[in-house]
Amino acid sequence: MSASPVHLDAATAAPLHPVARQALLAALDDGWADPGKLYGAGRRARQLLDAAREAAAATLGVRADELSFTPSGTAAAHTAVLGGLAGRRRVGGTLVHSAIEHSAVLHAAEQHVAHGGTAVPVPVDRLGRLDRGAWSAAVGAPGVAFAALIGASHEVGTVQPVAEAAAACAAARVPLYVDAAQLVGRSPVPPGWSVLTASARKWGGPPGVGLLVVRKGTRWVSPWPADEREFGRTPGVVNLPTVVAAAASLRAAAADAVAEAARLAPLVDRIRARVTAEVPDVEVVGDPVDRLPHLVTFSCLYVDGEALLHALDRRGFAVSSGSACTSSTLRPSHVLEAMGVLSHGNVRVSLHRETTSEQVERFLDELPGIVAGLRAEAGVVGL
Amino acid sequence: MPGPDPVGGPDPVEVLDCRGMRCPLPVIRLARRLPELPVGAVLRVLADDPAAAVDIPAWCRMRGQEFVAATGEGPGYDVRRLH
């Protein structure tokens, strides 16, 4: 019999926070009505929505009317990018973004380009750190409407110089959008941004809730057909019970964030050290110092990424991979590609509030044998 | 052993056709073949898997071999044995 499953893919979705579950169940009774309607049930729904917005805004340190709930983190990212470009159409048609943005941001950029716009990617170094000089030059060029920078890489954990990038944007009078999906609920977001997005399932909220924050004074126009809900930024009625659960769990996660980071960072250090020492021919990627507390990525030479994920899954470990063979497009992760690091045999491990040191040790105990087994099967031992 | 040839137009002594193979097979073929060639020799790997463009230079860095250049046709990747 195998041991109980170990979820090590919090960067995709963390298990539901108990506070989220409790809030979700409670809100199902009162949160079914349309918050825009002028009868009792509608007013109760409105109160729940207002309270959720106030709580989420207070946690992020923004005004409640700057924050909208979206149907997902992806929807929030699309809306942020396209709205930022639409709001500054008269200034120009160029979007500047890092080469390691989330695919949701890159897909919005692709649509912008398909419609005649321009997108300028800014490179990163081998550790996944933004090229600051290239960023400043790119945002300072004429015709830049909007700039997008991921707060910290969801694939390799490298924290980006948001404050410095924001200063360059401010000097060029270009609004900055920060994709804070891996920061919100875990780490503080540096100031200086104009637009921010996050995704509830990353902090233990339910799937299907995103946050979009647009600071007052930002020239931003919704790219969608008109709809009065959520301050006109994102169309459609919100899924109120999940929004309530997202806001409640965000407050809980943020309250525990410092302690959780202090608990998880040494576990990531442990993974970095033991993987390097005990798995031959492995490359641990990402910045070893300026990194997320809960995420680590490594690539195993000569190992098929998909085979590795399946082998780990059979032993009860759920992880993610940036290897080409694990993607629907069969292309390697654009993040690993931009960094110039080994893309096959890639594993991303990301921890959450339920992760224990025993689970991490068991993973580390089993990993070298699993990798060795796959290498033996492929006949690549000793290469 | 003598060091690598100085910079010049590297003529591959051999072409390894890995077209149609997926990651990590082209890198495995490269790792098998290169040590069988003399030090200083250049091996050209043809590989149409997009991951090869990332993984062949990364392998060279990890193994201390020289990634000479990518060539458009194939696409090909020239690697020089340094040790």
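What you see is a predicted model; the values in this text were computed from it and never measured. (Residues numbered from 1 in each chain as written. Chains lettered and ligands numbered in written order. Predicted model: local features only at pLDDT ≥ 70, side-chain atom pairs only at ≥ 80, totals over all residues. Heavy atoms only, no water.)

It is worth spelling out the overall build of chain B at this point. Counting its regular elements, chain B contains two helices and four strands. Reading chain B from its N end, one meets helices and strands in the order β-α-β-α-β-β. Here chain B, with 83 residues, has 43% of them falling under the buried criterion. Excluding contacts between residues fewer than 6 apart, the proportion of contacts in chain B whose partners are at least 24 apart in sequence is 64%. Approximately 4000 Å² of chain B is accessible, and the part contributed by carbon and sulfur atoms is 54%. (Helix = DSSP H or I, 4+ residues; strand = E, 2+ residues; numbered from the N terminus. Buried < 20%, exposed > 50% of the residue type's maximum accessible area, 1.4 Å probe, protein only. Contact = heavy atoms within 4.5 Å. Areas by Shrake-Rupley, 256 points an atom, 1.4 Å probe, with all protein chains shown as cover.)

All names here are of chain A. Under the domain assignment, chain A is made up of domain 1 (6–14 + 257–378) and domain 2 (18–252). Distance between the C-alpha centres of domain 1 and domain 2: 27 Å. Of the residues lining the interface, 31 residues belong to domain 1; the matching set on domain 2 comes to 28 residues. Overall, the association of domain 1 and domain 2 removes approximately 2300 Å² of surface from exposure, summing both partners, and the carbon and sulfur fraction of that is 55%. The largest contributions to the domain 1 side of the interface with domain 2 come from L292, H334 and M339, which together make up 24% of the buried area. For the pair domain 1 and domain 2, the interface holds one salt bridge. (Domains from an automatic or database assignment. Buried area = accessible area lost by both parts, 1.4 Å probe. Salt bridge = Lys/Arg side-chain N within 4 Å of Asp/Glu carboxyl O.)

All names here are of chain A. Within the fold, A109 resides in helix α4 (residues 103–114). A residue is classified by how much of its surface remains accessible, and A109, at 4% relative accessible area, is buried. Expressed as a C-alpha distance, the spacing of A109 and L82, which sit 27 residues apart in the sequence, is 8.0 Å. In contact with A109, not counting residues within four places along its chain, are L95, H97 and A119.

Residue and element names in this part refer to chain A. In terms of residue burial, strand β10 (residues 295–300) counts as a mostly covered element, since six of its six residues are buried. Burial along β10 is two-sided: the residues L295, T297 and S299 and V296, F298 and C300 are all buried. Both strand β9 (residues 282–285) and β10 contribute to a ladder of four bridges, which runs antiparallel. Residue pairing in the sheet places V282 in a bridge with C300 of β10. Inspection of the sheet shows β10 paired to strand β12 (residues 346–350) by five bridges, in the antiparallel sense. Paired with V296 across the two strands is V349, which belongs to β12. (Pairing = 2+ DSSP bridges.)

Residue and element names in this part refer to chain B. Bridge count for strand β3 (residues 66–71) against strand β4 (residues 76–80) is five bridges, and the pairing is antiparallel. Bridge pairing in β4 links F67 to V79. Taking the residues between adjacent antiparallel strands as the criterion, β3 and β4 are bridged by four residues, where G74 takes a positive phi near 125°.

Our focus in this paragraph is the nonpolar core. Residue and element names in this part refer to chain A. By size, the foremost hydrophobic cluster in this structure holds 56 residues, and its most contacted members are L67, F69, V96, W135, A147, L176 and W203. With nine residues, helix α7 (residues 240–278) is the largest single contributor of residues to this core. Counting only domains with at least three residues in this core, you end up with domain 1 (6–14 + 257–378) and domain 2 (18–252). Counting 29 residues, the second-largest nonpolar core is a separate cluster that includes L267, I271, F298 and F317. (Core = buried A, V, L, I, M, F, W, Y, C linked by side-chain atoms within 4.5 Å.)

Moving on: the interface of chain A and chain B. In this complex, chain A contributes 24 residues to the contact, which on the side of chain B involves 17 residues. When chain A packs against chain B, close to 1700 Å² is buried across both sides, 64% of that on carbon and sulfur atoms. Summed over the three residues of chain A that lose the most area to chain B, namely A:Y302, A:H344 and A:L383, the buried surface amounts to 29% of that side. Viewed at the interface, chain B and chain A are joined by two salt bridges. Among the ionic pairs, B:R61 bridges to A:E283, the shortest N-O distance being 2.7 Å. On inspection of chain A and its partner chain B, the count reaches eight residue pairs in polar contact (both at pLDDT 80 or more). (Polar contact = N/O pair within 3.5 Å; in protein donor to acceptor, adjacent residues only side chain to side chain.)

So, on to the pattern of salt bridges. Pairs may arise between side chains of opposite charge once their charged atoms sit close together. Residues and elements named next belong to chain A. Inspection of the entire model under this criterion finds 28 salt bridges over all chains. As a salt-bridge pair, D30 and R44 come within 3.3 Å of each other at their nearest N and O atoms. Remark: R44 occurs in helix α2 (residues 40–60) and D30 occurs in helix α1 (residues 18–30); sequence separation between them is 14 residues. Under the relative-accessibility criterion, D30 is labelled partly exposed at 34%. According to the relative accessible area criterion, R44 is partly exposed, its value standing at 42%. With a closest N to O distance of 2.8 Å, R129 and D125 form a salt bridge.

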